[in-house]
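Here is how the chains run, residue by residue.
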Amino acid sequence: MLELRNVSKVVGADTHIADVSLTLHHGSLNVLLGPTLSGKTSLMRLMAGLDAPTSGSVWFDGKDVTGLPVQKRNVAMVYQQFINYPAMTVYENIASPLRVAGIDKARIDSEVRKAAELLKLTPYLDRMPLNLSGGQQQRTALARAIVKNASLVLLDEPLANLDYKLREELREELPKIFAKAGTIFVYATTEPHEALLLGGNTATLSQGRVTQFGPTIEVFRKPVDLVTARTFADPPLNTIVLAKNGNHFLLDGGVNLPVPVGLAGIADGNYTIGFQPHHLSLERLGAAAVPVRAKVSVTEITGSESFVHLDFADVRWVMLAHGIRQFAPDDEVEVFIDPRHIMVFDDSGRAVAVPQLAA
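Note that the coordinates shown come from a computational prediction; the quantities given were computed from them, not determined experimentally.

Trainee: It is not clear to me how the pattern of salt bridges should be interpreted in this structure. Could you clarify?
Mentor: Scanning the model with the defined rule gives 12 salt bridges in all. A salt bridge links glutamate 283 to arginine 325, with the shortest nitrogen-to-oxygen separation between them at 3.2 Å. With a gap of 42 residues between them, glutamate 283 in the loop between strand E15 (280–281) and strand E16 (290–301) and arginine 325 in the loop between strand E18 (315–322) and strand E19 (332–337) connect regions that are remote in the sequence. The class of glutamate 283 is partly exposed, set by a relative accessible area of 38%. Relative accessible area serves as the criterion here: at 23%, arginine 325 is assigned to the partly exposed category.

Pasting the structure below:
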């Protein structure tokens, strides 16, 4: 078990990590989700022993390892920028941690070939890293981390440089690998959909703080605050400030949303309403859906989906619609919001309510 106890990291006048406490268990997959410079890499360096915390402590299986350097920990790391031994073949790169550990030759060969097959490196085992594509070099670094059988494996956006097809394949395979290993895996990403695909647990980060940690789907469906909800939304979370007055959320000249039954007891006042882009629709998908007229800013067509950017009441929303939807700029369209999908946040940004329907 890896424990971070009130860990902070301050460099000069900059706070990289602020009072983080986390407990990660053996056999678990833990995603660090946040935008660039939110603290993901800094936190992983503290976990690994590459950096020492300014305050707080790091524990592993009941032992304080705060001052223990990375060389004395059973840790493997894979970065977005691949790191391999240029004078070694792909085979020897993958085998290197096993040779250092004194593993017998037959087992080394078996483990190397198994990892190479998984990562589609078998045809390249005799090549030198500089003769590989960038994606192949990254797969070599990932294979080396997998065969090391480390107690803690840290993956810092490891798939970012791979082509789309391989990235999707590995996202499916990695959770299976993690589940079998009994290792603590920590996987950093900026992409909410990658966190959802990987599953496990997710810690959302913002400005060096962990805003929420728990089972990935629970953090996505039930964010504790607006910062977490925005971190776990791509395209961005749609928001608007509305006033609760009795049984309605109101905006002059615009939105009149019925207050869901579960929120009837909250005090009247101003709240920030949030909902995901796929919960804004061109069709009325339920009896409770409320129509709103908005102006199209731009439409992005990906083929199977369209992202329609809408202006409404001085805010910008994004609607994720299935299929090809063609609109001209400044077109007025009627869209629908289902109150059962909304999140409600108070003036401090804390969640007052989460969606009644599963996201």
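Resuming the write-up.
Trainee: Would you mind going over the sheet that holds strand E14 (residues 269–275) with me for this structure?
Mentor: Paired through their backbone hydrogen bonds, the strands of a sheet run either parallel or antiparallel. Judged by pairing direction, the sheet is antiparallel, and its 6 strands sit side by side in the order E13-E12-E11-E14-E20-E21 without closing on themselves. Of all the strands in the sheet, just strand E13 (256–258) and strand E21 (351–353) have a single pairing partner and so form its edges. Taken pair by pair, the neighbouring strands of this sheet meet at an average axis angle of 40°, ignoring direction.

Trainee: Can you walk me through the sheet that holds strand E3 (residues 29–33) in this structure?
Mentor: Overall, mixed pairing links the 6 strands, which are arranged E6-E7-E8-E3-E9-E10 in an open sheet. Looking along the sheet, the strands with just one partner apiece sit at the ends: strand E6 (75–78) and strand E10 (209–215). The sheet shows a mean angle of 15° between the axes of neighbouring strands, direction not considered. Where helix H1 (residues 40–48) meets the sheet, its contacts fall on E3, E6, strand E7 (152–156), strand E8 (184–189), strand E9 (201–206) and E10, and the angle it forms with E7 comes to roughly 160°.

Trainee: Would you take a moment to explain the packing of helix H2 (residues 90–100) against helix H4 (residues 134–147) for this structure?
Mentor: Helix-helix packing: each pair is described by the crossing angle between the helix axes and the interaxial distance. Direction vectors running N to C along H2 and H4 enclose 25°, while the axes themselves pass 8 Å from each other. Our classification of the angle between H2 and H4 gives roughly parallel. When the axes of H2 and H4 are compared, the crossing they make is right-handed. Here Val90, Asn93, Ile94, Ser96, Pro97 and Leu98 of H2 come into contact with H4, specifically with Thr140, Ala143, Arg144 and Val147. Looking at the contact of H2 with H4 residue by residue, the classes come out as 6 nonpolar, 3 polar and 1 charged.

Trainee: Help me out: how do you make sense of the side chain of asparagine 238 in this one?
Mentor: Following the sequence through the fold, asparagine 238 ends up in strand E11 (residues 238–245). On the accessibility criterion, asparagine 238 (1% relative accessible area) is buried. Each residue touching asparagine 238, except ones within four places of it in the same chain, is listed here: Ile273, Gly274, Phe275, Gln276, Pro277, Leu280, Arg316, Trp317 and Val318.

Trainee: Just checking my understanding: could you explain the domain arrangement of the chain for this structure?
Mentor: Interface extent is often summarised as the accessible area lost during association of the parts. Each assigned domain of the chain is listed with its residue range as follows: domain 1 (2–231) and domain 2 (235–345). Once you take the C-alpha centre of each, domain 1 and domain 2 turn out to be 37 Å apart. With 6 residues of domain 1 in contact, the opposing surface of domain 2 contributes 6 residues. Between domain 1 and domain 2 lies a buried interface of about 520 Å² when both sides are counted; carbon and sulfur atoms form 73% of it. When residues of domain 1 are sorted by the area they lose upon contact with domain 2, Phe220, Leu226 and Arg230 head the list and together hold 67% of the total. Connecting domain 1 to domain 2 are 1 residue pair in polar contact (both at pLDDT 80 or more).

Trainee: Can you help me understand H2 in this one?
Mentor: The periodicity of an α-helix, 3.6 residues per turn, causes residues three or four positions apart to be oriented the same way. With 8 of 11 residues buried, H2 is to be regarded as a mostly interior element. Along H2, the residues that are buried comprise Val90, Tyr91, Asn93, Ile94, Ala95, Ser96, Pro97 and Leu98. Close packing links the buried residues of H2 with helix H3 (105–118) and H4. Positive phi appears at glycine 102, one or two residues downstream of H2, with a value of about 75°.

Trainee: Before we go on, may I ask you to explain H3 in this structure?
Mentor: The end-to-end C-alpha separation of H3 is 20 Å, in line with the 20 Å expected for 14 residues at 1.5 Å each. Where H3 is concerned, the buried positions are Ile108, Val112, Ala115 and Ala116. End-on, the buried residues of H3 take up no more than an arc of 100°, which puts them together on one face. Relative to its buried face, H3 has exposed residues pointing more than 90 degrees away, namely Ala106, Lys114 and Glu117. Each element contacted by the buried residues of H3 is listed here: H2 and H4. The backbone nitrogen of alanine 106 has a side-chain oxygen 3.3 Å away, supplied by the residue at the start of H3, namely aspartate 104. Count one or two residues on from H3 and you reach lysine 120, which has phi positive near 55°.

Trainee: In this structure, what is going on with the nonpolar core? I would like to understand it.
Mentor: Nonpolar side chains in soluble globular proteins tend to end up buried together. Counting residues in each nonpolar core, the largest one holds 41 residues, and the members touching the most others are Ile94 and Leu155. Not counting residues within four places of it along the chain, the set of residues in contact with leucine 155 comprises Met44, Val78, Leu142, Phe178, Phe185, Val186, Tyr187 and Ala188. If you look at the next biggest cluster of nonpolar residues, it comprises 28 residues, including Ile273, Leu282, Met319 and Ala353.

Quick notes on the rules
- Residues numbered from 1 in each chain as written.
- Predicted model: local features only at pLDDT ≥ 70, side-chain atom pairs only at ≥ 80, totals over all residues.
- Heavy atoms only, no water.
- Salt bridge = Lys/Arg side-chain N within 4 Å of Asp/Glu carboxyl O.
- Helix = DSSP H or I, 4+ residues; strand = E, 2+ residues; numbered from the N terminus.
- Buried < 20%, exposed > 50% of the residue type's maximum accessible area, 1.4 Å probe, protein only.
- Pairing = 2+ DSSP bridges.
- Axes fitted to C-alpha atoms, helices over the stretch in contact; angles between N-to-C directions.
- Contact = heavy atoms within 4.5 Å.
- Parallel < 35°, antiparallel > 145°, perpendicular 65-115°, else oblique.
- Left-handed = near helix turned anticlockwise from the far one by under 90°.
- Nonpolar A, V, L, I, M, F, W, Y, C, P; charged D, E, K, R; others polar.
- Domains from an automatic or database assignment.
- Buried area = accessible area lost by both parts, 1.4 Å probe.
- Polar contact = N/O pair within 3.5 Å; in protein donor to acceptor, adjacent residues only side chain to side chain.
- Expected span 1.5 Å × (residues − 1).
- Arc of directions from axis to C-beta.
- Core = buried A, V, L, I, M, F, W, Y, C linked by side-chain atoms within 4.5 Å.

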